[in-house]
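# Structural description and commentary
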Amino acid sequence: MNFTVKKTFLYTGKWLLLLAFFTVSCSEQRRTRVRNYPANTPFVYANKINLSGNLPKDEKKRLLTELINYWDDSLKVPKQQEFGILYKIKSPPAFDSTNILRSINFMNAYLNSQGYYYSLLSNRYSIDTVKDQIRVYVSIQIDPGKNISIDTVTYDLTDTTLKKITLASVKNAVIEEGKPYSKQVISNELDRLVKLYRRNGFYKFTREDIFAYVDSNNSKFLKLTVDPFEQARLLGEIAKAKKLNPKWGISIQQRPILDSSRLFQFHIGNLYYYPETKLSDLPDSLIQDKNFKETKNGASIMRYKKGLFNYKPMKEDTYFKKGDLYNEEKYFKTANALAQLPAWQNVDIRPEIRNKDTLDLYFFLTPAVKQSFTIDLEASRNIADIGLTNLFGISTNLSYNNRNVWKNAIQSIATFRTGVELNLLNSNDQSNDLLQTFLINIGHTYIFPKIIQPFKKWNTLENVDNRRTLWAVNAGYVDRRNFYRVRNFTTSLGYEWKKGTNTFLYKPLNIELYSIDKLDSLDQLIIKNPFLKASFNEGNIVSQSFSFIKTTTGKNNPNKSNFYRLGIEEAGGLFGIIPGLKGSIYRYLKTEIEFRQSHKMRKSELVFRGYGGVGYNYGGDTIIGPTMPFYKQFSAGGPNSMRAWRLRQLGLGSSDQSEKETAKNAFRDRFGDMQLEFNMEYRFNVASIGSFKIGSALFTDIGNIWNIRKTTSSDPRTIFSINNFTKDMAIGIGTGLRFDMSYFLIRLDFAYKLKDPLRKTNGGWASLKDFEWTDTRANGIQVPNFALQLGIGLPF
């Protein structure tokens, strides 16, 4: 195994060195061209900031990233990246040395805002002549000095209620004693306090009513003395402390209040709903209009004329009631929840003050188009089916969408699909029948704008957003002439909700029923290809599933984002033990984990993705087999996974079982119970024409699929094994073009198989010396070493 690992790194290193040689053999200057420059006039060719001082690595990186934005416009270099490794400078500005001082002032002001008040900044520039280009290189040397730290934090508020609320939330304060000082930290703390007060009824309190007083003197040196020598000594110690360990005290204070109502705690009064508001309606006119019909429910009043909506869905997504303290967080939460309902296209909430401290809320909701109908026509070419390998398919899709079923803002989506595959493209005489495949499918989905559950009141639901219940039912029929007839019926009940940046989906019930009629041609095909048997088992599924998605942004770097996804599905845990259902119910546990990280730069982006999935059939049923059903298994290859391989054409492991009979049939799809994949992609811009952008990418895909349990008809090489891990691993590299039209993106990727587990020579690695576009398998089949993928949207 150690020998295999060494070979893996050796061949990987060769390819990486080849790519690196092209990149670094020429300096950045040689890879940079200048257009529209002022001939025989000095112009800014490059600028640089050198940051010295004993700073933590992350802090230094953060400051450098931000300081770049503070060059004066006349000193900024309009450099654009091309094709990932080339650069272009277009219309560089003429150089004027007086503008360096402006940049220094901008940078010094920024450093002050970050708590660096003792910075030293100097500059230098040099000139280089290349033909008629007079290139100027500008650099600024910065020693930021010591960062100011926070000495003491006090909250000196005159209003007792505000002070009580503030002291109760000190643990959530942004400013802390001993932490670095910055204007942004102070601003964030003031914003936090204003939001805190507005969550506790202070509707009219604003940022103008509070401020931070910063004391730059060290209080412990402020001693009253009449001795001039003692005064001189204290002043010397103050100056020394400011230089060696500068500390500032912060006091949060109230401004003098001229309007006493700013300190009133407001309570919610009446709630008025206008669910039939037109875009052209004026809210003031609607409030004064006396011709509305009204439906009252306590302090909630729905005012309408046509009666298009019931009151209940609006109540479900209103997070406050009469008598509650005004809470700005719940105000926006209510507005967002109502805006998420498809029944309305626009939502506006207007608070109106009544009496001394009461807020009446007026909801103006503009209805969306209630019903819509779409029809699509699709054409396809099927080159990977059983039997005939070159079929022309045509299908139509009809969809009907009702956004306000039963006047309760329930969304209903009905779909109908039918199509055929015709024998029009074959030049052989495998079959004279024109019609080869017929399919029909019908489905219906209801989306309820609440969590439907048996408990009368579940307080936990008040803390989540975008609550929905989803119920779907689907039935289909497929007739593949001479091979099989499949009938299916599926239904599921699920709950979806969000909390912050977390999205949850739980399906307590998912039922999938299948019936297959195997015809003679399929029986003969399975005899020749035993691995196909698992694809035509008649097992059914009764399962439940849970998925979790989380997105985060870097705390110190907003250009860095993370994406996490966890999925778990369990089938047959209870129903599988019923004696009468044995042999017809799958029992398995399936888990998926995905992680993505993005590093965005000004003109480019670096993205990493890791994915792992495993499914285990614990039923041990000899009738439906030891693996999961193939439509629940994993596959690799295609526009979004292992792009050097065609769709579902990678794996399993290093087994060639799926290719042995490809001369007699074209069924080559591979499915496994386990998948591991790692992707890395560097994306960059190439050109832009208005809103139309052309981008490109360099990428690598690493991974494969396996089974985890052996079957009587399977090759041992399809089973996952640590000992064969490096041997089984497939590696593809490539590049591509992305055509971004704002509303959608078309992607064309080209990828080459750097390492193919089925390649018999060179340990599976591609050879630089004997480079080939195709690989000849043991049975004489020519398999391409590359793939061209067409996709919609980014791969991940």
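Residues numbered from 1 in each chain as written. Predicted model: local features only at pLDDT ≥ 70, side-chain atom pairs only at ≥ 80, totals over all residues. Heavy atoms only, no water.

## Considering the pairing of strand β14 (residues 358-367)
- Where burial is concerned, most of β14 is hidden: nine out of the 10 residues are buried.
- Pairing geometry for strand β10 (residues 267-274) and β14, over six bridges, is parallel. Across the sheet, the residue bridging to tyrosine 274 is phenylalanine 364, located in β14.
- Bridge count for strand β13 (residues 344-354) against β14 is 10 bridges, and the pairing is antiparallel. The residue of β14 that forms the bridge with aspartate 348 is phenylalanine 364.
- Where β13 folds back on β14, the antiparallel hairpin that results is connected by three residues, among which asparagine 355 adopts a positive phi of roughly 60°. (Buried < 20%, exposed > 50% of the residue type's maximum accessible area, 1.4 Å probe, protein only. Helix = DSSP H or I, 4+ residues; strand = E, 2+ residues; numbered from the N terminus. Pairing = 2+ DSSP bridges.)

## Describing the sheet that holds β10
- On the basis of which strands lie adjacent, the open sheet formed by five strands has the order β11-β12-β10-β14-β13 and mixed pairing. Each edge of the open sheet is held by one strand with a lone partner, namely β11 (293-297) and β13. Averaged over all pairs of adjacent strands, the angle between their axes in this sheet comes to 20°, without regard to strand direction.
- Here β11 pairs with strand β12 (residues 300-304) via five bridges, running antiparallel. Within the sheet, the bridge partner assigned to glutamate 294 lies in β12 and is arginine 303.
- Along the sheet, helix α9 (residues 328-340) contacts β13 and β14; its crossing angle with β13, the most-contacted strand, is approximately 155°. (Axes fitted to C-alpha atoms, helices over the stretch in contact; angles between N-to-C directions. Contact = heavy atoms within 4.5 Å.)

## Side note on the packing of helix α2 (residues 57-67) against helix α3 (residues 98-113)
- Packing of α2 against α3 brings their axes to within 11 Å, and their N-to-C directions diverge by 140°. The angle between α2 and α3 falls in the class oblique. When you trace α2 past α3, the crossing you get is right-handed. Counting all contacts with α2, which are made through Arg62, Leu63, Glu66 and Leu67, the residues of α3 involved are Met107, Tyr110 and Leu111.
- Grouping the amino acids of the contact of α2 with α3 by side-chain chemistry returns five nonpolar, no polar and two charged. (Parallel < 35°, antiparallel > 145°, perpendicular 65-115°, else oblique. Left-handed = near helix turned anticlockwise from the far one by under 90°. Nonpolar A, V, L, I, M, F, W, Y, C, P; charged D, E, K, R; others polar.)

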